[in-house]
Every structure is written in structure tokens, then in C-alpha cells.
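Descriptive structure summary
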Amino acid sequence: MPSTHDWINEPLGVVEGMFAASQNGQSSGWEAKAVEFFKEQLKEKEAQTLVPSLNDVPLHYLKPNSLVRFRCLLQDMFDPEFYMGVYETVDPTTKAKMLRCGKYKDVTESGVDLNSRSTVTAERQTFYCVPIPGENHYPVGLSLILPHGYAETTSNQGRVVASTSYVPSRQKRSYEEDEEMEVQPQKQKETHAGSQSAADQYGNGDYKRQETEAPSGQAASASHLDLNFPLPGEKGPSCLVKVYEDWDSFKLNDTLEVYGILSVSPALSALADEKDAFLDPTECMETAEEQRVHSPPASLVPRLHMLYGKRLAHNNPLLPYATLEENGAFLSSTLGEMVAIRAELLSYFTHVLLGDALAAEYLLLHLISTVYTRRDVLPLGKFTLNLSGCPTVSSYTERLYQIIQQLVPSSYYLGMSLQNMNQMQLVPKKDYGANRLVSGALQLAKNTSLFLDETQLEQGQLDTTGVRNVTALGNLISWQKVDYDFNYHQMEFPCNINVLIASEGRSLLPSDCHIHLQPQVAPAHMEEYLSSIHIHPQVSSQLNKFRIFLGMARLLDYSISEEVTKAVEDDFVDMRKDDPQSISADDLHRMLVVSRLLSLSLGQTSLSRDSWLRAKNIEMLRRSRMEQHKSVNGNEP
């Protein structure tokens, strides 16, 4: 049995040992056994933490061909490629022949017999993966884990060797085939470079993902290579992930944790330049731009050969990645504290929202909302909040975003200025020349908090791009979907993004709930009060309690008993008796969503009569406030 040092530092040795045993007749089904071996080793949390993370450790500190892990967004899907699964080498001196395994490799050893009848061609899929967009850094007290006994990378490849793979010639697709194809790789427009998030503008980068600094030479090269991040200003490694089994089980925009063998061979860059030597030029349909995009330098975009990959339900490092049912002790201890933590968080939000306790209640409910299912085209569970009446002094909305940013795993601030709306590319668009999808700012991971600052909107004319962007935001809010642009048609991709709209008056965008902020601070003291709202990471343990609370409430199961369902129906009938116009079916749906979120925030997995009455009460207070505000501001819709 290989030691921990062996299977982390020399995983190819483990694989090749199993392959050799199968050739000697000692073992059959070696490929499945190899995958199962690594899955078994990675079952324990302690073993997983021993594997260096590509998100945290700079690439030049990682040992080539070692086992690494990568937490990422599946952003692109390239065409499948063929590789030499088994090949034969010939010793130049003794002429002895030996079968070799080509799986989990990009380049072969020297002396490959390309005419051998023992060569076995296999197929693998390539995913282009990037760090989770807008991921915030939680300082959980873990130090960087470097490979044991590894000090620096060495390179002993002095010449180009034969590649184990090539991409089959790609035939042109018809319009009908385009409608059925899977989504391809993506790209980011230069207009993104001119846009900055609030995190960069207001100096709260401490809460964003820690950057992995590359050597200066690599950084200079990276500036000339479009790494296709969805959000402007993002940094971090991107990877070409080679998948060997069950690639159909993964979907575009999935959040993954990949365990694989790191390949950064300098030979890959040379092979990209000499690719024509392996392909018939008359049959090769790959353009120079496509080749540049699909075969970037391995020193900037490393290859990761997947041994084990799993789809993540969340990316909160303070919560277990396994289901809550499998972590009974964690579940029971957290549920017991949720009521107390809720009260503390509500008090904190009330202070941040200028003393408005009702608005604080709705902000808390918004932050734990998620799309838990879809009924036909209707996403259930979404709770987009429009917080109007936001002060425009002292950069209040930016401060509010920074506070939210401390509490959620992933977030993005979008200032809805006329310039951003007219220049930014929000919707991903297919680039047929490079055979990839140009990424857009709305290509986000599940449960990302999207903060739309409408107070930045000024008078002016929206051009065609601006109208398209506003329409895309409206569709995202209403249907939790983004229509990717494939030039001749659009392809619909469902999403699950929490949208908070901060505005002065009612937003021009739709929302599930609208509440007008009622500051309890006198206007004369507003500037002084706002300047006192510091983004001090209180006590780290307190912030972590809030982060666990918000993540936990979102993951809990929820149900409504038949008895409570009947009581809700009777209540609805009673409310409409006196004045049928006083409450509509939409109002009932909103109250059911509020009661669900209220129950979950209290650690309750089923709706009780008390929670229903409490939800009715806060909805009545909100509606009463909005009626009063409408009577005072009659010109506001």
C-alpha cells in the first residue's frame, strides 16, 4: 500500500504500478481500481487537507506531477480530444520494448514507437476552469500546505517529446447543430478592464480571495493572455482540467472541487507551436486563434488530470462539504444556537441600516434565500430585495456592500452607472473564431450575492448594449436565468443568484420584495453616524458565527404539514372576505416565501403556526410602510 507521501507526491507512480500489475496478469480493471484508490484515500477530511490547494499555493511552489486540489467554476467545455492511453517505447540501446500507460499525462517518455500495433487510443474531455468568481476570503486559521519535503520546482525537460494527445479535426457546424451543442469555452472583453468593483475602489480587498503571486516573468506573460475571468480585476490560477470518466455528469457553471495530477511541462508550449507535425494540414480546421486559446502556456494555465472531482453544494469553508445529515453533531449543535445568533445578527444589521429594524429583518431573510426547486419555468425560493431610500452621502451603498461581503462566500458589486451599463458585457457570448464563449459578468457561481447599486445611475441615454444589459438583469431577477448569446440564437442557462438592489426611489428593475429604508438617525447627524459605521472585523469568532448561520439556514430542508397548509388556506380566505382587493395571490406567495425563510432563520425545518403569524405580521408592517410612503410620494410607482 503506497504511503501518504507516495500517493500525494508521486501519484503517477501509483497509477503506473497498477498498470504494470495488470500487464503481468495480476490485476484486471486497473483503471477503476486506481480511481477507487484515490477516492478511498480522500474520504477523510485530514487526508484532503494534506493535498496542496492550487487556490492557496502559488503555482511555482507546487511540484510537477504531484496531486493537487482546485476549487473552481466550470467555465468552458472544449471539444473532446484523443490521447494515447497505452503506447510502446523502444530502448535505443537494447531495442527492448515496453508498454507504457498514457493516462493522466500530457507528454510521453522518449522512444515512442508510433507504428506499434499495441497503441491504444482513448478519449478524454477538457474543461476550462477558473477560481470561483467573486469568492471572499475567510481567515479560518489554516496555513498554506506545501508538498512535504519540497523546496523548489525543477525542470529537466530539455527537449520536446511526443504528445499523448491531439484534438481531432473539427468540422464546421450547421445552425441546427449549434442549437444542440454543449457550451464551449469563454472569453472576457477588454471593456471589463476599465470597470472596477467596490472591493477595489474602497480598499476592502482583505476580504477577497488571497492572490497567488506568480514570478514577475509569468505575470508579464499573463498580461498578454486573456484568462477569461467573468469578473473584472479577478486574479488567480485558471486550469485546463482533463476528465477521463463521467464527464457528462458535469455542467457548465458547476462549482467543483477537483483532485488531480498537476502538469506544467514546458514541452506543452512547444507542442502547441509544432501541432501541425501531428495533424494533416488539409484536415485541420483549428484556427490560429483557437489554437492559442485552447493551448495556452502551461506555466500560466496548468493542466490538471482529474482523478476525483465532486460538485460542491456551497463554497463556505466553515461548513462541512458533506450533507448535513452526515454531520449530525455539527447540525445539532448549530441548530441549538441559531435563535441566539439570529438575534445578534439582526441587531448588527439594524445598526448598519441606520436603526431600521424592519429593513434589517428583510435583509437577513434575503441573505439566506436560495432557489430550492423549479416548477416549470418558475424558480421557487428566490427573494430579490429592493432596498430603496438609501442615502447617497458618505458612500453608504458601498459600505453596505462591504459589510455583506464579509458575511457571504461569494459576492460582486455592480455599480449601475451609465458607463457600466453601456460598456460592460454582462451576458456571455460565443466567439466562433476562437471556438469558445466570451465570459460575462453574469456568469456566476450558485448563491453568489449580486449587489446592484442603482444610486450610481445618472441621467443619460442607454445604448443598445445598455438596454441589453438591463434586460439581462431583469430576466435574471424574474426567472433566475441568463440567455447566452450564440449570435444566431440564444441558449438559456438557469442560475441561482441572490440579487440585492440598493436605490433612492423604487428600482427600475423588478424585485420580489420592496422596502423603503426609514433611518432613525436625524439628517443633521447622518454624516457623523455613517462615518462611525466601520468595517472592523469585529471579533473573528463573531463574524464566523454569522457566516455559519447564513450558510446553514440556506442548506436546511423545509416542509409544510397538511395541517398548517389548511390553516394558511383558511387565513387567506379570511383576509379576502372583507376586501378581496386587499391581498392577491402574489401577496400570498410572498408571505409563504417570507414564512419559509423566517422558519429556517430560527432553525426550524417545518412551518409552525407561530412562524406563519409572525411572517404575516412583518409583511403587514412592510405593506403599511409602503402605503404611507406612496401617499407621501405620489409620483413614485
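It should be emphasised that the depicted structure is a prediction, and the values quoted were computed from it without experimental measurement.

Observations regarding the overall build of the chain
The secondary structure content of the chain amounts to 19 helices and 19 strands. Taking all 637 residues of the chain together, 53% fall into the buried category. Within the chain, contacts between residues at least 6 apart in sequence are counted, and of these 80% link residues at least 24 apart.

Here's the deal with the nonpolar core
Nonpolar side chains in soluble globular proteins generally cluster together in the buried interior. Membership of the largest hydrophobic core comes to 56 residues, with the highest contact counts inside it found for Leu-345, Phe-349, Leu-353, Tyr-362 and Tyr-396. Filtering out sequence-adjacent residues up to four positions away, Leu-353 remains in contact with Ala-359, Ala-360, Leu-363, Leu-387, Tyr-396, Leu-400 and Leu-517. Ranked by size, the runner-up nonpolar core spans 51 residues in total, among them Leu-59, Tyr-412, Val-482 and Val-499.

A few points about helix H19 (residues 609-632)
Given a rise of 1.5 Å per residue, 24 residues ought to cover 34 Å, and the 35 Å separating the end C-alpha atoms of H19 matches this to within 8%. Taken residue by residue, H19 has Ser-611, Trp-612, Ala-615, Ile-618, Glu-619, Arg-622, Arg-625, Met-626 and His-629 as its buried positions.

Looking at the packing of aromatic side chains
Evaluation of the coordinates by the stated rule reveals 15 aromatic pairs. Plain terms: the ring middles of Phe-37 and Phe-38 are 5.2 Å apart, the flat faces sit at 85 degrees to each other, and that makes the pair edge-to-face. The class for Phe-37 is buried, based on a relative accessible area of 9%. Given a relative accessible area of 1%, Phe-38 falls into the buried group. Of the aromatic side chains, those joined through ring pairs into one cluster are Tyr-83, Tyr-104 and Tyr-244.

As for unusual backbone geometry
One non-glycine residue, Asn-253, lies in positive phi territory at about 75 degrees. Inspection of the secondary structure assignment puts Asn-253 in the loop between strand E6 (239-243) and strand E7 (255-263). Residue classification places Asn-253 among the buried residues on the basis of a relative accessible area of 15%. Of note in this structure, Asp-376 is not a glycine but carries a positive phi near 60 degrees. Turning to its location among the elements, Asp-376 is positioned in the loop between strand E9 (373-375) and strand E10 (378-380). Taking the relative accessible area as the measure of exposure, Asp-376 reaches 77% and is therefore exposed.

Some remarks on the sheet that holds strand E19 (residues 513-516)
In space, the 5 strands of this open sheet follow the order E12-E15-E18-E11-E19, with parallel pairing throughout. Unpaired on one side and paired on the other, strand E12 (411-415) and E19 mark the two borders of the sheet. Mean inter-strand twist for the sheet, computed between neighbouring axes without regard to direction, equals 15 degrees. Sheet topology note: the strand E11 (residues 385-388)/strand E18 (residues 498-502) ladder contains 3 bridges and is parallel. Each bridged residue has a counterpart across the sheet, and for Leu-387 the counterpart in E18 is Ala-502. Contacting E11, E12, strand E15 (449-453) and E18, helix H12 (residues 396-407) runs over the sheet at an angle of about 175 degrees to E15. Packing of helix H14 (residues 464-479) onto the sheet brings it into contact with E12, E15 and E18, and relative to E15 it is tilted by some 135 degrees.

A word on the pattern of salt bridges
Considering all chains together, one arrives at 27 salt bridges under this definition. Note that Asp-570 is salt-bridged to Lys-566, the shortest N-O span being 3.2 Å. With Asp-570 and Lys-566 both in helix H17 (residues 562-578) and 4 residues apart, this pair spans about one turn of that helix. Residue classification places Asp-570 among the partly exposed positions, given a relative accessible area of 34%. We classify Lys-566 as partly exposed; its relative accessible area is 45%. The partner of Arg-590 in a salt bridge is Glu-619, and the shortest N-O contact between them spans 3.7 Å. On the criterion of sequence distance, the pair formed by Arg-590 in helix H18 (residues 585-601) and Glu-619 in helix H19 is long-range, its members being 29 residues apart.

Focus: the side chain of Ser-595
In this fold, Ser-595 is placed in helix H18. For Ser-595, a relative accessible area of 0% corresponds to the buried category. When residues no more than four places from it in sequence are discounted, the contact partners of Ser-595 are Tyr-558, Leu-607, Trp-612 and Ala-615.

Conventions used here
Residues numbered from 1 in each chain as written. Predicted model: local features only at pLDDT ≥ 70, side-chain atom pairs only at ≥ 80, totals over all residues. Heavy atoms only, no water. Helix = DSSP H or I, 4+ residues; strand = E, 2+ residues; numbered from the N terminus. Buried < 20%, exposed > 50% of the residue type's maximum accessible area, 1.4 Å probe, protein only. Contact = heavy atoms within 4.5 Å. Core = buried A, V, L, I, M, F, W, Y, C linked by side-chain atoms within 4.5 Å. Expected span 1.5 Å × (residues − 1). Phe/Tyr/Trp six-rings, centres within 6.5 Å; stacked < 30°, edge-to-face > 60°. Pairing = 2+ DSSP bridges. Axes fitted to C-alpha atoms, helices over the stretch in contact; angles between N-to-C directions. Salt bridge = Lys/Arg side-chain N within 4 Å of Asp/Glu carboxyl O.

These values are about where atoms sit, not about what they do.
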